[in-house]
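Residue-level listing of the chains:
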Amino acid sequence: MLRYRSPAQVLRRIVTQETEIGGQRLQKGEVVVPWLGSANRDEKKSTRLYG
């Protein structure tokens, strides 16, 4: 069986150094929450999202 969705949908991470992701500036110490459930589903990057 291939799992389509992870049981853990989100993670919590703390920024360790100033950086920029997708044009958004992140400062050291800020909390970010990557949503794993939306990984590889960016319509700007792919035309085959679900099939």
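Calculation criteria
- Residues numbered from 1 in each chain as written.
- Predicted model: local features only at pLDDT ≥ 70, side-chain atom pairs only at ≥ 80, totals over all residues.
- Heavy atoms only, no water.
- Helix = DSSP H or I, 4+ residues; strand = E, 2+ residues; numbered from the N terminus.
- Buried < 20%, exposed > 50% of the residue type's maximum accessible area, 1.4 Å probe, protein only.
- Contact = heavy atoms within 4.5 Å.
- Areas by Shrake-Rupley, 256 points an atom, 1.4 Å probe, with all protein chains shown as cover.
- Salt bridge = Lys/Arg side-chain N within 4 Å of Asp/Glu carboxyl O.
- Patch = residues over 30% accessible without salt bridge, like charges linked within 9 Å, V, L, I, M, F, W, Y side chains within 5 Å.
- pLDDT = per-residue confidence, 0-100.

1. Re the overall build of the protein chain
Move 1: Counting its secondary structure elements, the protein chain contains zero helices and four strands.
Move 2: In the protein chain, the succession of α and β elements from N to C terminus is β-β-β-β.
Move 3: A burial count over the protein chain gives 6% of its 51 residues as buried.
Move 4: Partitioning the intrachain contacts of the protein chain with sequence separation of at least 6 by distance along the chain shows that 25% fall at a separation of at least 24.
Move 5: Carbon and sulfur atoms provide 53% of the accessible area of the protein chain, an area that totals close to 5000 Å².

2. As for the pattern of salt bridges
Move 1: Under the criterion given, the structure shown has two salt bridges.
Move 2: For Glu20, the salt bridge goes to Arg25, with nearest N and O atoms at 3.4 Å.
Move 3: The partly exposed category is assigned to Arg25, whose relative accessible area is 39%.
Move 4: Within the structure, one salt-bridge network assembled from shared partners comprises Glu18, Glu20 and Arg25.

3. A word on the environment of Val33
Move 1: Among the secondary structure elements, Val33 is positioned in the segment after strand E4 (31-32).
Move 2: Setting aside chain neighbours within four positions, we find Val33 in contact with Val10 and Leu11.

4. With respect to a nonpolar patch on the surface
Move 1: There is a patch of nonpolar side chains on the surface, built from Val10, Ile14, Val31, Val33 and Trp35 and spanning about 480 Å² of accessible area.
Move 2: With respect to the helices and strands, the residue Trp35 is situated in the segment after E4.

5. Here we look at the confidence of the model for the protein chain
When pLDDT drops low, the exact placement of atoms in the prediction is not to be read closely.
Move 1: Of the residues in the protein chain, 61% reach a pLDDT of 70 or more, and the chain-wide mean stands at 79.
Move 2: Here strand E2 (residues 19-21) stands out as the least confident element of the protein chain, with mean pLDDT 93; strand E3 (residues 24-26) is the most confident, with 95.

6. Let's talk about the environment of Leu26
Move 1: Of note, Leu26 is situated in strand E3.
Move 2: Note: C-alpha distance between Leu26 and Thr16 (ten residues apart in sequence) is 9.6 Å.
Move 3: Not counting the four nearest positions on each side in its chain, Leu26 is found in contact with Val15, Gln17, Glu18, Thr19, Ile21 and Val32.

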